[in-house]
Structure formats: structure tokens, C-alpha cells
Amino acid sequence: MTTAHRHEIFMRAALSEARNGLGRTSPNPAVGAVLVIDRRIVAKGHHKRAGWPHAEVECLRSFKKPVPKSAVLYVTLEPCSTTGRTGPCTEAIVEAGVRRLVIGATDPNPRHAGHGIELLKQAGLNVRAGVLARECSALNEAFNKWTETRRPFVIAKCGMSLDGRLSPPPRETQWITSTASRRHAQHLRAQVDAILIGAETLRTDDPRLTVRLRGATQPWRIVLSRSGALPRRARLFTDRFAARTIVQGKKNLRAVLRELGEKEITSVLIEGGGEILGQALDQRLVDKVQLYLGPILTGGPVVAFPGIGAASTEQASRLDRVRYERIGQDICIIGYPTYNAVASE
């Protein structure tokens, strides 16, 4: 086994550890670390919550022994070198006696990128960076965007028929997509800071917008309403998470997202309705789509992404890095829109 291959194996173990923190660490990234001695993992750790110890510290503390010089610490993200909610991880690593460090992605913040690596090298550590960098960076796509722009990462999600409709025929109660697809979407909800809908969706569907997964953090629930005339008995205002419901009025979608970013909300899941989804696409605010297609043709006026639309096929938004997943008879499509021009502020 080559050294490069061995590094990748242990970095994948650190990535697996990092995923344990997804949806719980915002506005911090999800990070994992493993300590390896004689090609065997002897300790693991991940960042569990903002303000709590970072992955490197969790991992080293769990070892509970002096770290031998032969040990290698693998961490998915460049260790922090500044004091925030916690102290610098670079100092903790040096104090623990780590001599060899393998890093996945570098810090996405241009002001800090590479600084932690340089400090550790100056302290005499053997540092290798960039192992599975793309995978490590992708794990924190929302954090990366928010760190660079202070705007939340926006995901457009809906369950739709094959002809692009959001709702079944009038007076129907049957779902377009399957129970398995809706369960699959719960994991997406569990990883975002906020879920956003329009007023008409609230009036029509009276959704809960809750995460029904054990141990998951309940996202903020944002309702856009120009008039503010909403049913006060709606579940968003009366259930046990009512305090996590915010009504935004008299602001356009771009301004709302900007304000959410200023409040350290790093990711927003737009769940509808069609008008809000269309606005987000027209304004080029969508960073990622996650669409569930049910094997049904419904017709009708409730279109998934109405809006103004593209003036031509050439100007249409196209998906990059597309993935397809079959869930029973449904198809889940995940991709990242690319735009020909940048929307004006």
C-alpha cells in the first residue's frame, strides 16, 4: 500500500467522523479527526456544536495518553489558528506533542487560509495538506459560501410530478412522492439552519417543517408574507417549536437571505411554494437543487418553478455535478445550477 493510498484511507475515516456533526455545528463547519499509531486508528473526534471543543481537541483528549512521535493526526479541515468561541487548535496540537499532521481542505476564509498550516510547520510539525481536499471541502459547502460572502447557501427542494407540478389534483390528499422520499428529505432538513416557505404554502398546506429524526436540531422556520395576514392557528405558530418561526414581510427574497446571513444562518432550504422557488431561480439565488420526482402526471396550474423564466434555452440555468438516486419508484435529482450571468444586487 502506498503512502498516498494510506493517507486517503485514514482521511475517509476522518470524513466519516465529521459527518456525525452535520446539522449541529453551525455557524462552524463539520470537522472530523482521527489519530493513527502504527497504521491503526487509536482515537476519533468530531466537532459537536459551536462553542464546544473542535475535532482535533476532541480526538486528542479521547486518547488520554502521551502522543508518541510516530503518531499521525488526520483532520478534514485546516486547524484554526485564531481565538474564537474556543482557543486556537494549532496551539492545542503542538501542546499535545503531535509531530505529524495530515489535512484535508484548507480554511475557506481567504484571511486565514494556509495560516494554520504555516504556524504548525514553524513549530516543527511534518504537515501534509490537500488529501481528499475536494471531498473534505464539499462536506461544508454551506459554511464555505457563508464564510466567503456572509450569505447563506440556498437549496431549492420540492416533490414534483413528471410534468413539473407541485400539487396533486384538487381535493386529492395523496402525496406525489413516496413515504421513502419524504423520509429521505428529512435528512436534508436536519442539515440546514433554516427552512423557508411562502405565505400561500402556509395557508394551503399548514406544514410543520419539523425534523423527525432523533437527535436532530430543529431549523428556523421562515415564512415570507407581504401582508402578514397568516392563520394564527397554523402549526408553525402553535407547536413546541413556535419560537423558532420567523415571519418576514415587505422584503424581497434577496434582502431576506442577506439578513439571515448576518444572523449567522449559513444554509437555507426553500421548500415552496412555486412562486418562491421561481423567484429564487429567476434571481439566481439557488446554489443547489434537490428534486424528488414521483411517477405521476397531474397537470394543473401549480408549477414547481414558474417565475419569469429564461428568455432562451441558451440562457437557461443548467445543472452541474448532477446525481440521480432511485428511491422506490421515485427519482431524486441533486445538482448545482450554473448561471450565464451574475444577477445584480
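For the structure, see preceding data.
A brief report on the enclosed structure follows. This structure is a prediction, so every number in the text was calculated from the model and none was measured.

Right, let's talk about the overall build of the protein chain for a bit. A count of helices and strands for the protein chain gives 11 helices and 13 strands. With respect to the principal axes defined by its C-alpha atoms, the protein chain has extents near 70 × 40 × 40 Å. The buried share of the protein chain, taken over its 345 residues, is 47%. Within the protein chain, contacts between residues separated by at least 24 positions form 73% of all contacts whose residues are at least 6 apart in sequence. Surface accessibility of the protein chain: about 17800 Å² in total, with carbon and sulfur atoms responsible for 49%. One finds the centroid of the 51 positive side-chain charges in the protein chain at a distance of 5 Å from the centroid of its 32 negative side-chain charges.

The next subject is the pairing of strand 12 (residues 318–327). By the bridge criterion, eight bridges tie strand 12 to strand 13 (residues 330–338) in an arrangement that is antiparallel. Looking at the pairing, I327 lines up with D330 of strand 13. Hairpin connection between strand 12 and strand 13: a loop of two residues separates the two successive antiparallel strands, and G328 in this loop has a positive phi of roughly 60 degrees.

Our next topic: the packing of aromatic side chains. Ring pairs (aromatic) are described by centroid distance and by the angle formed between their planes. Under the definition given, this model contains one aromatic pair. Relative to Y74, the ring of F10 has its centre 5.4 Å away and its plane inclined at 45 degrees; by these criteria the two rings are tilted. A residue pair is termed long-range when its members are at least 10 positions apart, and F10 in helix 1 (residues 3–18) and Y74 in strand 3 (residues 72–77) qualify at 64 residues. Each member of the pair, F10 as well as Y74, carries the same accessibility label: buried. Its guanidinium or amino end placed over the ring of W220, R244 lies 4.3 Å from that ring's centre, counting from NZ or CZ.

Moving on: the sheet that holds strand 9 (residues 245–248). Reading across from one edge, 9-8-7-10-6-11-13-12 is the order of the eight strands in this open sheet, with mixed pairing throughout. Each having just a single partner strand, strand 9 and strand 12 make up the two edges of the open sheet. Taken over all neighbouring pairs, the strand axes of this sheet differ in orientation by 20 degrees on average, direction set aside. Note that strand 11 (residues 288–293) and strand 13 share five bridges and pair antiparallel. Bridge assignment links V289 to a residue of strand 13, and that residue is G335. Contacts from helix 6 (residues 141–149) reach strand 6 (153–160), strand 10 (267–272), strand 11 and strand 13 within the one sheet, and its direction differs from that of strand 6 by about 140 degrees. On the sheet, helix 7 (residues 179–189) packs against strand 6, strand 7 (194–198), strand 10, strand 11, strand 12 and strand 13 and is oriented at approximately 165 degrees with respect to strand 11.

All chains considered together, the criterion is met by 11 salt bridges. Its salt-bridge partner being R203, residue E200 comes within 3.3 Å of it at the nearest N-O pair. You can see E200 and its partner R203 sitting in helix 8 (residues 199–205), three residues apart, about one turn around the helix. Counted as one network, the salt bridges with shared partners bring together K157, R189 and E271.

Between S26 and P27 the backbone carries a cis peptide bond, its omega angle lying at 5 degrees. Examined against the element boundaries, P27 turns out to sit in the loop between helix 1 and strand 1 (32–37). A cis amide bond, omega 0 degrees, links G272 with the succeeding residue G273. As for its position among the elements, G273 is in the loop between strand 10 and helix 11 (274–282). A positive phi is found at E264, a non-glycine position, where the angle reads about 65 degrees. Take E264: it is sitting in the loop between helix 10 (253–262) and strand 10.

Conventions and cut-offs
Residues numbered from 1 in each chain as written. Predicted model: local features only at pLDDT ≥ 70, side-chain atom pairs only at ≥ 80, totals over all residues. Heavy atoms only, no water. Helix = DSSP H or I, 4+ residues; strand = E, 2+ residues; numbered from the N terminus. Buried < 20%, exposed > 50% of the residue type's maximum accessible area, 1.4 Å probe, protein only. Contact = heavy atoms within 4.5 Å. Areas by Shrake-Rupley, 256 points an atom, 1.4 Å probe, with all protein chains shown as cover. Lys, Arg positive; Asp, Glu negative; His and termini not counted. Charge placed at Lys NZ, Arg CZ, Asp CG, Glu CD. Pairing = 2+ DSSP bridges. Phe/Tyr/Trp six-rings, centres within 6.5 Å; stacked < 30°, edge-to-face > 60°. Lys NZ or Arg CZ within 6 Å of the ring centre and 35° of its normal. Axes fitted to C-alpha atoms, helices over the stretch in contact; angles between N-to-C directions. Salt bridge = Lys/Arg side-chain N within 4 Å of Asp/Glu carboxyl O.

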